[in-house]
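Analysis of the macromolecular model
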Amino acid sequence: MTFLTLGDIHGSVKWTSELIAAAETVDTILLCGDLTSFGTPGDVAAIIDDIARYNASCFAIAGNCDSLAIESFLTDQGISLNGRGRMIGDSIGICGVSGSNRTPFGTPLEYTEEELSASLDAGWQQIQGASTRIVVHHAPPYRTKCDRTLLGMHTGVRMFREFCEKDQPELVVCGHIHEARGTDMIGETLVVNGGMAARGHGTVIEISDGDLTVSLM
Ligand SMILES: [Zn+2]
């Protein structure tokens, strides 16, 4: 099973030839939040149409720069992962959390750590049968290479780090901190911030016989 993750699209994917080749060949595309910059459901519809030129299968969460209307739109389209878990075959489970923890910028979709935790738990419960468990969470877990701002401050979600330490999902896919593109480990959990699809970045995930391979583009 293969996935392409596109995070922080912010209005449009920068389609490099590498990204197009990946989009055309993976089984499913995962959109990791901030599809827009304070946009509308109509903007999201256009982005999904654009992506569907290469691959029609996608799941998504919203980011803090999206809105509740966008979240509802993703739910109506049947592709939202927020507070939900989905089984892909019998061995892969994916759950998600939209929005982010509080920021200094007062963006539309910000939550308390308790609210984020409730969404995470709801989806997580639904993928307990999976041997490979993927959490798609717009905001990164706290104190990793994936939540470090240009000024060196860690701005991730504390409860999410504690969750990773305790429950050890096989893979966490996040975004939100644009400059913190990269990977890190929390115990056995691989954490990936794939960077901005708006700048041509994405991540290919390959799962074969329980082995996980991740390539950043
Ligand atoms: Zn963003």
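Below is a summary of the structure that appears in this document. Everything numeric here is computed off the predicted structure, so don't read it as measured data. (Residues numbered from 1 in each chain as written. Predicted model: local features only at pLDDT ≥ 70, side-chain atom pairs only at ≥ 80, totals over all residues.)

Remarks on the overall build of the protein
Counting secondary structure elements, the protein contains five helices and 11 strands. A compact globule built from 217 residues would reach a C-alpha radius of gyration of about 17 Å, and the protein, at 15 Å, matches this within 12%. Taken along its principal axes, the extent of the C-alpha atoms in the protein is 45 × 40 × 35 Å. Burial status across the protein gives 50% buried among its 217 residues. Considering only intrachain contacts with a sequence separation of at least 6, the fraction spanning at least 24 residues in the protein is 66%. (Helix = DSSP H or I, 4+ residues; strand = E, 2+ residues; numbered from the N terminus. Rg over C-alpha atoms; globule rule 2.2 N^0.38 Å. Buried ≥ 20, exposed ≤ 12 C-beta atoms within 10 Å, placed from the backbone. Contact = placed C-beta atoms within 7 Å.)

So, the environment of Val192
Locating Val192 in the fold gives a position in strand β9 (residues 189-193). Overall, the presence of 25 C-beta atoms within 10 Å leaves Val192 in the buried class. Each C-alpha atom of the pair Val192 and Val136 lies 9.8 Å from the other, and the pair is 56 residues apart in sequence. In this view, Val192 contacts Val172, Val173, Thr183, Thr203 and Val214; residues no more than four positions away in its chain are not counted.

Brief notes about the environment of Arg84
Note on placement: Arg84 falls in the loop between α3 (68-76) and β4 (85-88). Separated by 84 residues in sequence, Arg84 and Gln168 have C-alpha atoms that sit 18 Å apart.

Concerning the sheet that holds β4
Spatial ordering of the open sheet is given by β4-β5-β6-β7-β9-β8, a layout of six strands whose pairing is mixed. Taken across any chain shown, the strands that pair with only one partner, and hence form the sheet edges, are β4 and β8 (182-186). Strand-to-strand twist in this sheet, taken as the mean axis angle between neighbours without regard to direction, amounts to 20 degrees. As paired elements, strand β7 (residues 171-174) and β9 share four bridges and run parallel to each other. Of the residues in β9, the one forming a bridge with Val172 is Val191. Packed on one face of the sheet, helix α4 (residues 113-125) meets β4 and β5 (92-97) and runs near 160 degrees to β5. (Pairing = 2+ DSSP bridges. Axes fitted to C-alpha atoms, helices over the stretch in contact; angles between N-to-C directions.)

Focus on the sheet that holds strand β2 (residues 28-32)
Taken in spatial order, the five strands of this open sheet run β3-β2-β1-β10-β11, and their pairing is mixed. Sheet topology places β3 (58-61) and β11 (211-216) at the edges, where each strand pairs with a single neighbour. When the angles between neighbouring strand axes are averaged without regard to direction, this sheet yields 20 degrees. With four bridges joining them, strand β1 (residues 2-6) and strand β10 (residues 203-208) adopt antiparallel strand pairing. Across the sheet, the residue bridging to Phe3 is Ile205, located in β10.

Topic: the nonpolar core
As a rule of thumb, soluble globular proteins bury nonpolar side chains together. Membership of the largest hydrophobic core comes to 59 residues, with the highest contact counts inside it found for Ile29, Leu31, Val136 and Val173. Apart from the residues within four sequence positions on either side, Val173 is in contact with Thr5, Leu30, Cys32, Ile134, Val136, Val192 and Gly194. (Core = buried A, V, L, I, M, F, W, Y, C linked by C-beta atoms within 7 Å.)

Some remarks on the environment of Ala60
Position of Ala60 among the secondary structure elements: in strand β3. A tally of 31 C-beta atoms within 10 Å means that Ala60 is categorised as buried. Spatially, the C-alpha atoms of Ala60 and Leu151 are 29 Å apart, while their sequence positions differ by 91 residues.

A look at the packing of α4 against helix α5 (residues 158-167)
Running from N to C, α4 and α5 point in directions that differ by 40 degrees, and their axes come no closer than 9 Å. Packed against α4, whose contacting residues are Glu113, Leu116, Ser117 and Leu120, the element α5 presents Arg158, Met159, Phe160 and Phe163 at the interface.

Describing unusual backbone geometry
Residues apart from glycine generally show negative phi values, whereas peptide bonds are mostly found in trans. Phi at Asp8 is positive, roughly 45 degrees, even though this residue is not glycine. On the secondary structure map, Asp8 appears in the loop between β1 and α1 (17-25). With a phi close to 60 degrees, Arg143 is a non-glycine residue in the positive phi region. On the secondary structure map, Arg143 appears in the loop between β6 (132-137) and α5.

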